[in-house]
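Architecture at a glance
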Amino acid sequence: MQATIGAEIRLDALTKSYGDNLVLPGLDATLGAGEFTVILGPSGCGKSTLLNLLAGLERVTSGRILMNGREVQGLAPRDRGVAMVFQNYALYPHMTVAENIGYALKIAGVPRAERDRRIAEAARTVALGDYLTRRPGELSGGQRQRVAIARAIVREPSVMLFDEPLSNLDAQLRHGTRMELAALHRRIGASSIFVTHDQVEAMTLADRILILNKGRIEQFDTPEAIYRRPASTFVAGFIGAPPMNLLDAIAESGRVRLASGTVLAGTGANGPVTLGIRPETIHLNDVGEPVVVDYVEDLGGHHVLAAHLEDGQSLRIVTPPDRRPEPGERLHVSFAGASVHLFDAITGRRLADPAPIRSEGVPA
Amino acid sequence: MPPSFAGRWTPFWLSLPMLLIVALFFYIPVYLSFWWSFTLERPFGGGSEFVGFQNYARVLSDPIFWDAAWRTLVFMVFGSTLAIIVPLILALAADRMVPLSHTARNVLIWPKGIAGASIGVVFAFIFNPFVGIMAPLNGLFPGLWNPGSDGTDAFIMLLIAHVWNGIPFNFVILLAGLQAVPRSLTQAAAIDGASPWRRIRDVQLPMIAPQLFLTFVLEFTESVVSAFALIDTMTQGGPGGATRLLVYKIYQDGFKGYDLSGAATQSAILMVFVLCLAAFQFLYLEKKVRYER
Ligand SMILES: Nc1ncnc2c1ncn2[C@@H]1O[C@H](COP(=O)(O)OP(=O)(O)OP(=O)(O)O)[C@@H](O)[C@H]1O
Ligand SMILES: [Mg+2]
């Protein structure tokens, strides 16, 4: 498959509403040329809507979409150089695999010989060469998925849109397809926009992740930055498995305390705050903050404990596999050396980095 | 093993009423009319005489029979084609949610509740050359429209009434088919560059092939046999036999002309024709219809 040039996509005050339902209240973002952008967000936050706007399947309410500087929001789908892979594959059931892949070329009037060559090439790229004469009804889910991808890449689009393309596959197939998609993206060079609500897909595939919450961009950054410096409690609670703990705490005289008085971090902030702590950076010890275990998930390599503090706030803790606590058991945990994040208790936005404590009760 | 009834005869008892009705109103008349087509029936009773194929020879050598047969064929081809194409266009529009499609959906279904004879009466009035919708045009171009004296006008009027009569059912069937086509398929086609017309041709029509097949089978039969009520109320076969289709000729010959054997013979021919048509559709066309989605 020859490399195409990906388009830079700019969203300029893009809004979309269905009647009174303002789904996208205003998006501004620039997606780099050839970049792999993952749009991540909970169900109903407007991910598919955004993708449909980019593809031209829905009309924008206001604002602009620019691809390589060209305004496209008024153009028909076929004039945008965009290809799309649908969640349910959307293969034409009455056409063979080859006809499915080649339909766009046929419409574009590509001569028969070249069409056949490009169909064969696209099919080879997704390892489907043997199935060209079958119909979609005679293929497995994974194979249909490949046909959908071949249908998208055969046109050598400058933008590839994926709407949760892996969600109908089983875990193993999903893993394999994920790696192939990443490789394919590097090979064909199109700008890819991939919608998912699976954070593992987002973390592994993305150059940058755009996190949507109720149609607004919470954060648009590299997976690493999103993991290390979540911009809000929403992002913090969305990324990581299990996600970050968010505790109500008080910041005063340079310290962040729990209601129990335990010092968790040093800070310059004052007043009520939300403190984020990654579950895998909390340790069990004999003298720290007491917690009661509610529930234990044994994941083989580690345990995930759902517990609660004395003031009732819940806390997730990742513990090594050597000791398996029981529900109802009283444990002590230490936040020393934990990765801590501070958020405004009201707006949920990130505050200046707090200082982690080195040992029990002593801020750095 | 599929679940079965406890009593061996239970299925028989359960289906007996239906079997009786079908026998009484379908198989016995069919049998009788085939029997009569081989006999010479006296119009006022008093015995019959077996005459072999004489009735057939007589009917088939009658130019009026061939005239009616030809008109039936023309009516069948144009009537059923239009009675599918018009609802198809309406269904495509309703499926695309053009403005007012919700209202239209309801309005289009109501005619289903009207008997053919009533439609005939209403249309005869609507197309009346002096007070109907064509009256203003007749004022401008005198004699342009007069189904009472112009055979072509009468035939067109009959066609329109028939098509209108067929709209509700075919519309509902085709719209149901279109609505079952996943939206993502037409979206995918749009992204693949297909214009709305190509999407209809390449995606939507193939996807509703089963529904189209069903409407064609029913419509072909319908157009041959059920134009009777319309003809009887609007034109009585006239003017000059222009709207005398076979069904109406059979009625005229049998009940007006008291040629019972001739009418029975023509009924038999018509039945064989409709049967062959249906057989062809099922044996040949249905193979081309894919039901998988
Ligand atoms: N055609 C439509 N008409 C009216 N409202 C719509 C339409 N499509 C989407 N919506 C609304 O827009 C909002 C966003 O929908 P969207 O499909 O973009 O969510 P999503 O993020 O893709 O969710 P999911 O992860 O479940 O697919 C929802 O509240 C939905 O009800
Ligand atoms: Mg969606």
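Heads up: the structure comes first, above all this text.
What comes next concerns the included structure. For clarity, every value in this text was computed on a predicted model and none was experimentally measured.

1. Considerations on the overall build of chain A
Scanning chain A for helices and strands turns up 8 helices and 22 strands. In terms of principal-axis extent, the alpha carbons of chain A reach across some 75 × 45 × 35 Å. Split into buried and exposed, the 364 residues of chain A put 54% on the buried side. Relative to all contacts within chain A whose residues are 6 or more apart in sequence, the contacts with residues 24 or more apart total 64%. Of the roughly 15,500 Å² of accessible surface on chain A, a fraction of 49% belongs to carbon and sulfur atoms. A gap of 8 Å separates the mean positions of the 39 positive and 41 negative side-chain charges of chain A.

2. Points about the site of ligand 1
Residues and elements named next belong to chain A. Around ligand 1 there are 13 residues in total, and S43, G44, K47, S48 and T49 lie nearest to it. One of the backbone nitrogen or oxygen atoms of G46 is found 3.0 Å away from an oxygen atom of ligand 1. Contact between ligand 1 and E164: an oxygen atom at 3.3 Å from a side-chain N or O atom of the residue. Contact with the protein chains removes 61% of the 630 Å² of surface that ligand 1 exposes when unbound. Mapped by element, the contributors of at least two residues to the shell around ligand 1 are β2 (21-31) and α1 (47-55).

3. Let's talk about helix α8 (residues 183-191) of chain B
Among the 9 residues of α8 of chain B, 8 are classified as buried, and the element is accordingly described as predominantly covered. The set of residues buried in α8 of chain B consists of S184, L185, T186, Q187, A188, A189, A190 and I191 of chain B. Residues of α8 of chain B that are buried in the fold lie against α1, β6 (82-85), α2 (97-107) and α4 (141-153) of chain A together with α9 (196-207) of chain B. With its phi angle positive at about 100°, G193 of chain B sits one or two positions after the end of α8 of chain B.

4. Things to note about the packing of helix α12 (residues 246-256) of chain B against helix α13 (residues 260-283) of chain B
Residues and elements named next belong to chain B. As a packed pair, α12 and α13 sit with axes 8 Å apart at the nearest point and diverge in direction by 160°. Put simply, α12 runs roughly antiparallel to α13. As for the relative orientation of α12 and α13, their crossing is left-handed in sense. Listed contacts from α13 to L246, V247, K249, I250, D253 and G254 of α12 are L260, A263, Q266, S267 and L270.

5. Overview of helix α7 (residues 151-179) of chain B
Helical geometry: 3.6 residues make up each α-helical turn, so side chains three or four residues apart lie on a common side. Its 29 residues place the ends of α7 of chain B 41 Å apart at the C-alpha level, agreeing with the 42 Å of an ideal helix rising 1.5 Å per residue. Along α7 of chain B, the helix axis deviates most sharply at I167 of chain B, where the bend reaches about 40°; the proline P168 of chain B sits within four residues downstream.

6. A word on the interface of chain B and chain A
Interfaces are often sized by the accessible area lost when the parts come together. Listed by partner, the interface residues are 20 residues for chain B and 24 residues for chain A. Summing both partners gives a buried area of about 1,900 Å² for chain B against chain A, and 59% of it is carried by carbon and sulfur. Run the count over chain B and chain A and you get 2 salt bridges. Between R183 of chain B and E58 of chain A there is a salt bridge, with the nearest N and O atoms lying 3.6 Å from each other. Viewed at the interface, chain A and chain B are joined by 8 residue pairs in polar contact (both at pLDDT 80 or more). Breaking the side of chain B that touches chain A down by element, the ones donating at least two residues are α8 and α9 of chain B. Here the side of chain B that touches chain A takes 8 residues from α8 of chain B, the largest share from any one element. Among the residues forming the side of chain B that touches chain A, the class breakdown is 9 nonpolar, 4 polar and 7 charged.

7. Brief notes about the environment of R199 of chain B
All names here are of chain B. Tracing the chain through its elements places R199 in helix α9. Assessed through its relative accessible area of 14%, R199 is described here as buried. Residues R199 and G79, spaced 120 residues apart in sequence, show a C-alpha to C-alpha distance of 26 Å. With near-sequence residues (within four places) excluded, R199 lies in contact with R96, T186, A189, A190, A194 and Q204.

8. Side note on the sheet that holds strand β4 (residues 62-67) of chain A
Residues and elements named next belong to chain A. With respect to topology, 4 strands assemble into an open sheet ordered β2-β1-β4-β5, the strand pairing being antiparallel. In this open sheet, the two strands that pair with only one neighbour each are β2 and β5 (70-71). Examined bridge by bridge, β4 and β5 share 2 bridges and lie antiparallel to one another. Its bridge partner being in β5, L66 is matched across the sheet by E71. Set on the sheet, α1 makes contact with β1 (9-18), β2 and β4; between it and β1 the angle comes to about 115°.

9. A word on the pairing of strand β14 (residues 271-277) of chain A
Residues and elements named next belong to chain A. Burial of β14 is extensive: 5 of the 7 residues sit out of reach of the surface. Note that strand β11 (residues 245-252) and β14 share 7 bridges and pair antiparallel. Bridge pairing links D248 to T274 in β14. Relative to strand β20 (residues 340-344), β14 runs antiparallel, the two sharing 5 bridges. Residue I277 lies in a different strand from β20, and its bridge partner there is V340.

Rules and cut-offs
- Residues numbered from 1 in each chain as written.
- Chains lettered and ligands numbered in written order.
- Predicted model: local features only at pLDDT ≥ 70, side-chain atom pairs only at ≥ 80, totals over all residues.
- Heavy atoms only, no water.
- Helix = DSSP H or I, 4+ residues; strand = E, 2+ residues; numbered from the N terminus.
- Buried < 20%, exposed > 50% of the residue type's maximum accessible area, 1.4 Å probe, protein only.
- Contact = heavy atoms within 4.5 Å.
- Areas by Shrake-Rupley, 256 points an atom, 1.4 Å probe, with all protein chains shown as cover.
- Lys, Arg positive; Asp, Glu negative; His and termini not counted.
- Charge placed at Lys NZ, Arg CZ, Asp CG, Glu CD.
- Near = heavy atom within 4 Å.
- Polar contact = N/O pair within 3.5 Å; in protein donor to acceptor, adjacent residues only side chain to side chain.
- Axes fitted to C-alpha atoms, helices over the stretch in contact; angles between N-to-C directions.
- Parallel < 35°, antiparallel > 145°, perpendicular 65-115°, else oblique.
- Left-handed = near helix turned anticlockwise from the far one by under 90°.
- Expected span 1.5 Å × (residues − 1).
- Bend = angle between axes of the 7 residues up to and from the residue.
- Buried area = accessible area lost by both parts, 1.4 Å probe.
- Salt bridge = Lys/Arg side-chain N within 4 Å of Asp/Glu carboxyl O.
- Nonpolar A, V, L, I, M, F, W, Y, C, P; charged D, E, K, R; others polar.
- Pairing = 2+ DSSP bridges.

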